[in-house]
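Notes for the structure review
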Amino acid sequence: MKTHTDIDQHKADRERVARVLSRPEMILPNTPENVSRDRLMRIRAGVQHLLNEVVPALENPSEQQEVYLWVEGIWSILRIEQFCAIQEAIKRGKGL
């Protein structure tokens, strides 16, 4: 059974994640390319937060290494996708 403190901590954790990943305002112009790019940028911010803030704070070195490797792998895929999206936009003459 969750205690009041557990619920409060969960709420605080969710709010902290939302501050990094949320987009309170609408994307303009509201095009599929802009929405996709915005999502990638929010994911990028979240992964960057994990790599710079969360992983270094882990106390167990083996857990820290494993989480870092997972997040770094995801970060690499994200960077490749971002690069490809930029190149595609340049080809279409839209730029980013």
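Everything below is about the structure shown above.
Residues numbered from 1 in each chain as written. Predicted model: local features only at pLDDT ≥ 70, side-chain atom pairs only at ≥ 80, totals over all residues. Heavy atoms only, no water.

What follows is about unusual backbone geometry. Residue Leu28 is joined to Pro29 through a cis peptide bond whose omega torsion reads -10 degrees. With respect to the helices, strands and loops of the structure, Pro29 is situated in the loop between helix H1 (4-21) and helix H2 (32-57). (Helix = DSSP H or I, 4+ residues; strand = E, 2+ residues; numbered from the N terminus.)

Topologically, Asp38 is positioned in helix H2. For Asp38, a relative accessible area of 9% puts it in the buried group. Those residues in contact with Asp38, other than ones at most four positions away along the chain, are Arg23 and Ile27. (Buried < 20%, exposed > 50% of the residue type's maximum accessible area, 1.4 Å probe, protein only. Contact = heavy atoms within 4.5 Å.)

Bringing the packing of H2 against helix H3 (residues 61-91) into the picture now. The geometry of a pair of packed helices is captured by two quantities: the angle between their axes and the separation between those axes. Remark: H2 packs on H3, axes separated minimally by 10 Å, with the N-to-C direction vectors making an angle of 155 degrees. Comparing the axis directions of H2 and H3 gives the class roughly antiparallel. Here H2 runs over H3; the crossing is left-handed. Residues Leu40, Met41, Ile43, Arg44, Val47, Gln48, Leu50, Leu51, Val55 and Pro56 of H2 form the contact with H3, whose participating residues are Gln64, Val67, Tyr68, Val71, Glu72, Ile74, Trp75, Leu78, Glu81 and Gln82. Classifying every residue of the contact of H2 with H3 gives 14 nonpolar, three polar and three charged. (Axes fitted to C-alpha atoms, helices over the stretch in contact; angles between N-to-C directions. Parallel < 35°, antiparallel > 145°, perpendicular 65-115°, else oblique. Left-handed = near helix turned anticlockwise from the far one by under 90°. Nonpolar A, V, L, I, M, F, W, Y, C, P; charged D, E, K, R; others polar.)

Turning our eyes to something else, we now look at the environment of Gln65. Within the secondary structure, Gln65 sits in helix H3. For Gln65, a relative accessible area of 44% gives the class partly exposed. Measuring from C-alpha to C-alpha, the distance between Gln65 and Ile90 comes to 37 Å, with 25 residues separating the pair along the chain.

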